[in-house]
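Below are the chains, spelled out letter by letter.
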Amino acid sequence: MVTNKSLKALENSQMALTLTVDAASIEEAYTAKLKKYAKDIQMKGFRKGKAPLSVLEAKFGSAIREEATFDCMEENLKACIETLDEKDKPLQFSTPVLQNEESLLPFKKDADITFTVHYDVKPTFELPQYKGLEVTYDTTEVTDEAVEAEVNKLREQNAEVLTKDGAVENGDIVTCNYVELDAEGNEVAGTSRKDFTFTVGTSYNFYAMDEDIIGMKKGEEKKFEKTYGEDYANPDYKGKTITLVVAVTEIKTRQLPVVDDEFAQDVREEYKTVADMKAGIRANLQKEVDEQVENAKKSAIVDALLAATDFTVPASMVDFEIESSWRDYVRQTGLTEDQILNYFKMSGMTKETFTEGWREPATKNLRSQLILEAIQKAENFPVDEAALEEEFSKNIKDDADEATKEYYRNVLRDNMQYAQVMPFLLANNTFTVGKVLSRDEFLSRLNG
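Residues numbered from 1 in each chain as written. Predicted model: local features only at pLDDT ≥ 70, side-chain atom pairs only at ≥ 80, totals over all residues. Heavy atoms only, no water.

Draft legend 1. Main features of the overall build of the chain. On a plain count of helices and strands, the chain comes out with 15 helices and 11 strands. Compactness check: the chain gives a C-alpha radius of gyration of 35 Å against a globular reference of 22 Å for 448 residues, more than 25% above the reference. Counting only C-alpha atoms and orienting by the principal axes, one finds that the chain spans roughly 100 × 70 × 45 Å. The buried share among the 448 residues of the chain stands at 34%. The contacts of the chain with a sequence gap of at least 6 include a subset with a gap of at least 24, amounting to 69%. (Helix = DSSP H or I, 4+ residues; strand = E, 2+ residues; numbered from the N terminus. Rg over C-alpha atoms; globule rule 2.2 N^0.38 Å. Buried < 20%, exposed > 50% of the residue type's maximum accessible area, 1.4 Å probe, protein only. Contact = heavy atoms within 4.5 Å.)

Draft legend 2. Molecular detail of the environment of isoleucine 375. Following the sequence through the fold, isoleucine 375 ends up in helix H11 (residues 359-379). Along the backbone, isoleucine 375 and methionine 422 are 47 residues apart, and their C-alpha atoms lie at a distance of 9.7 Å. With residues near it in sequence (within four places) discarded, isoleucine 375 still touches Leu127, Tyr130, Leu305, Phe381, Val421 and Leu425.

Draft legend 3. Region of the structure containing a negative patch on the surface. Residues Asp260, Asp261, Glu262, Asp266 and Asp276 make up a contiguous surface patch of negative charge. Per-element accounting of the negative patch gives the leading share, three residues, to helix H6 (residues 261-267). Tracing the sequence through the fold places aspartate 261 in helix H6. (Patch = residues over 30% accessible without salt bridge, like charges linked within 9 Å, V, L, I, M, F, W, Y side chains within 5 Å. Areas by Shrake-Rupley, 256 points an atom, 1.4 Å probe, with all protein chains shown as cover. Salt bridge = Lys/Arg side-chain N within 4 Å of Asp/Glu carboxyl O. Lys, Arg positive; Asp, Glu negative; His and termini not counted. Charge placed at Lys NZ, Arg CZ, Asp CG, Glu CD.)

Draft legend 4. The pattern of salt bridges, seen in detail. In the structure shown here, the tally under the stated rule is 28 salt bridges. As a salt-bridge pair, glutamate 67 and lysine 33 come within 3.4 Å of each other at their nearest N and O atoms. One end of the pair, glutamate 67, is in helix H2 (residues 53-82); the other, lysine 33, is in helix H1 (residues 23-40), and 34 residues separate them in sequence. Salt bridges sharing common partners tie together Lys33, Glu67 and Asp71.

Draft legend 5. Local environment of the nonpolar core. Membership of the largest hydrophobic core comes to 45 residues, with the highest contact counts inside it found for Met277, Ile281, Ile301, Leu305, Ile375, Met422 and Leu425. Elements represented by at least two residues in this core include exactly strand S5 (134-140), helix H4 (144-157), H6, helix H7 (274-307), helix H8 (315-333), H11, helix H14 (421-427) and strand S11 (430-437). Among the elements that make up this core, the one with the highest residue count is H7 (12 residues). Look past the residues within four positions of isoleucine 301 in its chain and what remains in contact with it is Leu133, Val135, Met422, Leu425, Asn429 and Phe431. (Core = buried A, V, L, I, M, F, W, Y, C linked by side-chain atoms within 4.5 Å.)

Draft legend 6. The arrangement of the packing of H4 against H7 in detail. Packing of H4 against H7 leaves a shortest axis separation of 10 Å and a crossing angle of 110°. Classified by the interaxial angle, the pair formed by H4 and H7 is roughly perpendicular. Crossing handedness for the pair H4 and H7: right-handed. On the side of H4, the interface is formed by Asp144, Ala146, Val147, Glu148, Glu150, Val151 and Leu154, while H7 contributes Met277, Lys278, Ile281, Arg282 and Leu285. Grouping the amino acids of the contact of H4 with H7 by side-chain chemistry returns seven nonpolar, no polar and five charged. (Axes fitted to C-alpha atoms, helices over the stretch in contact; angles between N-to-C directions. Parallel < 35°, antiparallel > 145°, perpendicular 65-115°, else oblique. Left-handed = near helix turned anticlockwise from the far one by under 90°. Nonpolar A, V, L, I, M, F, W, Y, C, P; charged D, E, K, R; others polar.)

Structural data, given as structure tokens:
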């Protein structure tokens, strides 16, 4: 049993728990472990389970004592943790780490054991002022240029692809055959490509030959040298000069529709005129902007609270968040984790280097969440019990046991309270427009 315990708060949301386990408990665990091995072990010169305890102890006593003592320490540690206040308990994904293990060994007979473990706890901090703040946020607006940009996207989507008789121009869709030649003018194996199609100017081709084929006509073949700079993406071609033969087999061009009432009606049935279409586009853009500006306000108040609060998120919390994001990423790719890791290996990359950029946003996200949870607890928002029961009845089975039902009710209650935090902050603080940004810059800042 534990005869003494002490807790000490450390930096970075860590706790040190020191326990003393009495010698009697350790000796009891040692004796039980010794008898268990005596029943199962096969020793030379004795039938299974018949070796005297003194013989077994003489040969394996030290190892058995070590195993029994560690088991006794772990058992008492778990029991002690259950008695701690919630704020002092380890996070569910933080394993207590034994400190200075080497100083405890070898374990001695009839001796108490005092040991210390370190583990991460949920950060504690003083909640800053979160009502009556003046918060500045950047915004954007729907401009005529933004409307025209959407109109041009619709024109691109409705463009007609036509065969072209003239020379290749930027933006044309070209089909060609090509092959690389060596110094003797022979084809380089594996470089020949037939009926390759790409849009000139996009550089969506292996040799980046967009500018080289401008001016060529259907049926024309051209041989030219290409020199690639030291910054070229393909390492096999950096600083290299090669000879390429290209034959254009087909040229097509995209004919954009004229923006008139007929085009507007083709875009959407309810549009009768170009003015109707542009008004509809503006309304849709305004709806998007309103949602984005609301998100900008939320980000601004969260950033203000983060700046006013000083605490460290434990590494285990960040690691857990990153691992969760990694699992989501694997699911989204449709590949197995092994397939992704094998690709990383071929690319000279690791899971750790790939996810390193996730650490800072994960840390910010966790700090934000902890602050909002603290506000939720401080305000203790009322919950619509009827709505809670309605949601509960939709998602819990009638034959679930009472403990499960109570747990799920608490989860629902917590979620419904947490959902009220942000509307509360928006209603109880003053928001002032800072800069009016272009939509691209606004979205870049909002998402960056």
